[in-house]
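Coordinate inspection notes
The primary structure of each chain is shown beneath.
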Amino acid sequence: MAKKILVLNGAARKNGNTAKLVHSFIDGARSAGHLVQEYYLDSMDIHSCKGCLHAGNDPHSPCSQKDDMEQIYSAFADCDVVVFASPLYFWTITGTLKTVADRLYAELECLGYSKFPRESVLLMTAGGSDYTQALTWYRTYERNLGWKNLGEVLGSGKVEVAYRLGASL
């Protein structure tokens, strides 16, 4: 059965190493018949969470802020798998991706956490090899939401691994 996959690409470079992993993962997923929707976050107008406590009041517009998150909320509500893609910035994910992860709170409040089980994937690139802090963030996020980790691809140049992971879903 085809899965709906949402890719949240938090890289600053549209054609950098993270993009190579993302595109390889997408090619693999599509080869297996899955439907994939990628959002390149750096080109979107997304503001940080204001902590206004109005999240989840309107299922058609879960956040009080009106920006490009509206596009992501719709795709997020309809997906089976969420892919977080990011280069390693200061030992963790990019601020852009973290902002989107924070803003997903509004949709989760609207839909209800228990009714929103998802599967997730992490794609990360770095010049080094210490992903400890990023993995702690990712695994804590998915564990707290009750999501199932389908895999992690850590490292630039692992395009074949990313392709196989996408195809294996």
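These lines cover the structure that appears in this document, whether it is placed above or below. (Residues numbered from 1 in each chain as written. Predicted model: local features only at pLDDT ≥ 70, side-chain atom pairs only at ≥ 80, totals over all residues. Heavy atoms only, no water.)

**Things to note about the side chain of arginine 118**
Relative to the helices and strands, arginine 118 is located in the loop between helix 3 (95-111) and strand 4 (119-125). One buried charged residue, arginine 118, forms no salt bridge at all, with the nearest opposite charge on aspartate 80 at 5.5 Å. If we skip the residues at most four places from it in the chain, arginine 118 touches Phe76, Ala77, Cys79, Asp80, Trp147 and Lys148. (Helix = DSSP H or I, 4+ residues; strand = E, 2+ residues; numbered from the N terminus. Buried < 20%, exposed > 50% of the residue type's maximum accessible area, 1.4 Å probe, protein only. Lys, Arg positive; Asp, Glu negative; His and termini not counted. Salt bridge = Lys/Arg side-chain N within 4 Å of Asp/Glu carboxyl O. Contact = heavy atoms within 4.5 Å.)

**Re the packing of aromatic side chains**
Per the counting criterion, the structure on display carries eight aromatic pairs. Relative to tryptophan 147, the ring of phenylalanine 76 has its centre 6.1 Å away and its plane inclined at 50 degrees; by these criteria the two rings are tilted. Residue phenylalanine 76 is located in helix 2 (residues 69-78), and its partner tryptophan 147 is located in the loop between helix 4 (132-145) and strand 5 (148-154); the two are separated by 71 residues in the primary sequence. With relative accessibility at 0%, the residue phenylalanine 76 sits in the buried group. Consider the rings of phenylalanine 84 and tryptophan 137, whose centres lie 5.6 Å apart with planes at 85 degrees: the pair is edge-to-face. Here phenylalanine 84, found in strand 3 (residues 81-87), pairs with tryptophan 137, found in helix 4; they are 53 residues apart in sequence, far enough to count as distant. Taking the relative accessible area as the measure of exposure, tryptophan 137 reaches 17% and is therefore buried. A connected cluster of aromatic rings, assembled from ring pairs, spans Phe76, Phe84, Trp137, Tyr138, Tyr141 and Trp147. (Phe/Tyr/Trp six-rings, centres within 6.5 Å; stacked < 30°, edge-to-face > 60°.)

**Some words on the nonpolar core**
Membership of the largest hydrophobic core comes to 35 residues, with the highest contact counts inside it found for Leu8, Tyr39, Leu41, Ile72, Phe76, Phe84 and Tyr141. If you list the elements that add at least two residues to this core, you get strand 1 (4-9), helix 2, strand 3, helix 3, strand 4 and helix 4. With residues up to four places along the chain from it excluded, the contact list for leucine 8 reads Tyr39, Leu41, Ile72, Val82, Val83, Phe84, Ala85, Leu97, Val100 and Leu104. One finds Ile5, Val83, Val153 and Leu165 within the second-largest nonpolar core, a separate group that totals 17 residues. (Core = buried A, V, L, I, M, F, W, Y, C linked by side-chain atoms within 4.5 Å.)

**A short note on helix 1 (residues 17-31)**
Helix length check: helix 1, at 15 residues, gives a terminal C-alpha distance of 21 Å against a target of 21 Å (1.5 Å per residue), a fit within 8%. Thr18, Ala19, Leu21, Val22, Ser24, Phe25, Ile26, Gly28 and Ala29 are the residues of helix 1 that are buried. At the exit of helix 1 stands glycine 33, carrying a positive phi of roughly 90 degrees. (Expected span 1.5 Å × (residues − 1).)

**Focus: the environment of glycine 95**
Relative to the helices and strands, glycine 95 resides in helix 3. Classification of glycine 95 by relative accessible area gives partly exposed; the value is 48%. Remark: the alpha-carbon pair of glycine 95 and glycine 10, spanning 85 residues in sequence, is separated by 8.0 Å.

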